[in-house]
Amino acid sequence: MELVQLSAIQAAARRLDGIAQRTPVEISRTVSELAGVETLLKCEHLQRTGSFKLRGAYNRIAQLDEAQRARGVVCASAGNHAQGVALSALLAGAEATVFMPEQAPLPKVEATRGYGADVRLVGATFDDAYAASLAWAEESGATYVHPFDHLDVIAGQGTLGLEILEQVPLAATVVLPIGGGGLAAGVASAVKLTRPDARVVGAQASGAAAYPESLRAGTPMALGEVSTFADGIAVKRPGPLALAHVSERVDEVVTVSDEAIARAVLLLVERAKQVVEPAGAAGLAAILEGHGTFRGPVVAILCGGNVDPLLLQRILQSGMFEEGRFFAFGTVLRDRPGALSGLLQRIAQTGTNVIAVSHHRMRTRLGVSEVEVELEVETRGHEHIDSLRETLDEAGYPIT
């Protein structure tokens, strides 16, 4: 199978000059200390449309002839590729039809429409939208712009690898998220064809990890289902072309949990002042978890920043819970005046901040004179939670 060559990536870089932004590389002392290795952040989430997808989409569409542009382009996407195709089509003077899952994040849907695309919401998963998009391409004659399994798309994504080598010439390891594999295929091609000694490591969400089995089998293997909140990398099956590139040019593929990704998103917001979507933080999560072989300097690609604010709120809360900075619990009180006040005084003695309190009197396990109280509190780590538990238990408030 033909793999993308360095000359194609260099040609894509010339094509993208003035279209794609040269995104910054940030040095993070905090991240480096936590990871135990010098780590730099490639802030591709600051790219136009909020992700790397513009690179591959524009490189594909810009090479269409006039007749192909007149028939328009079509794609399927969970969101980021949709925006990349929509803007690229707008810049190239072609109409874009974009198929997205019905539950695609609203900000991504509206942004895609904002770039002038005809957005059609179909099915519950990316695969449903993908099937509908293929049918539309057959019916309409529009050119299909695949999110990851096309040489022009892979070459476009590879321009990100060239940038990294220019900005961090001594980079020893590049770590990036993997969904369908287009980013990994492109960046790994640029890196390994220029600096064969540098390592490229891919990170998949453990609930959507199709690559490990596909690499073992030597052919794309489909997952029965995907379960991850990192929608940008929630792909059931790698493409054969992307898989061939990853097999040949990516040194290692590791998996990370949603909890680890949530912690990485929280760290980026708090310490690096960067808002990154879950899929975009998967590579950093792998570094922080110590999965894989990471010789420094390490460059972590933050490849997307299009996150729904409501999802971000849940992610941050989940990350705080994992770090012991948020705790939710219940206990049972006698239903009499002053009972709640006594409980809150005990909690205050531990230096714990109460965020929310709710009462329940009608649950079947409660006695007639009992009330269940549920509380959400801010804590300062797991040791603080243990101290809170011990204090309340000694005072006669068993925690559930």
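Please refer to the structure higher up on the page.
Residues numbered from 1 in each chain as written. Predicted model: local features only at pLDDT ≥ 70, side-chain atom pairs only at ≥ 80, totals over all residues. Heavy atoms only, no water.

Strand order in the open sheet formed by 4 strands is S5-S4-S3-S6, and the pairing between neighbours is parallel. Bordering the open sheet on either side are strand S5 (118-121) and strand S6 (143-144), each of which pairs with just one other strand. The sheet contact formed by strand S3 (residues 73-76) and strand S4 (residues 96-100) spans 4 bridges and is parallel. Along S4, the bridge assignment pairs Val-73 with Ala-96. (Pairing = 2+ DSSP bridges. Helix = DSSP H or I, 4+ residues; strand = E, 2+ residues; numbered from the N terminus.)

Along its 14 residues, helix H14 (residues 309-322) runs 20 Å from first to last C-alpha, staying within 8% of the 20 Å computed at 1.5 Å per residue. Within H14, the full set of buried residues consists of Leu-311, Leu-312, Ile-315, Leu-316 and Gly-319. For H14, the angular spread of the buried residues around the axis is 135°, confining them to a single face. Of the exposed residues in H14, the ones pointing more than 90 degrees away from its buried face are Leu-310, Gln-313 and Arg-314. Of the surrounding elements, those touching the buried residues of H14 are helix H12 (258-272). Regarding H14, its N-cap is Asp-308, as a side-chain oxygen of that residue lies 2.8 Å from the backbone nitrogen of Leu-310 further along. (Expected span 1.5 Å × (residues − 1). Buried < 20%, exposed > 50% of the residue type's maximum accessible area, 1.4 Å probe, protein only. Arc of directions from axis to C-beta. Contact = heavy atoms within 4.5 Å. Polar contact = N/O pair within 3.5 Å; in protein donor to acceptor, adjacent residues only side chain to side chain.)

Moving on, we come to the sheet that holds strand S11 (residues 326-334). The strands making up a sheet are joined through hydrogen bonds of the backbone, oriented either antiparallel or parallel. Pairing is antiparallel in the open sheet, where 3 strands are placed in the order S11-S13-S12. A single partner strand is all that each edge strand has here, and the edge strands are S11 and strand S12 (353-360). Each strand of the sheet is rotated relative to its neighbour by a mean of 20°, with strand direction disregarded. Sheet contacts for helix H15 (residues 339-349): S11, S12 and strand S13 (370-378); angle to S11, the most-contacted strand, approximately 145°. (Axes fitted to C-alpha atoms, helices over the stretch in contact; angles between N-to-C directions.)

Attention shifts here to the pairing of strand S2 (residues 39-42). Here S2 shows a buried face lined by Thr-39 and Leu-41 and a second buried face lined by Leu-40 and Lys-42. As paired elements, strand S1 (residues 25-27) and S2 share 3 bridges and run antiparallel to each other. Bridge pairing links Val-25 to Lys-42 in S2. As judged from the 4 bridges shared by S2 and strand S10 (residues 298-301), these two strands associate in the parallel manner. Bridge pairing in S10 links Leu-41 to Ala-300.

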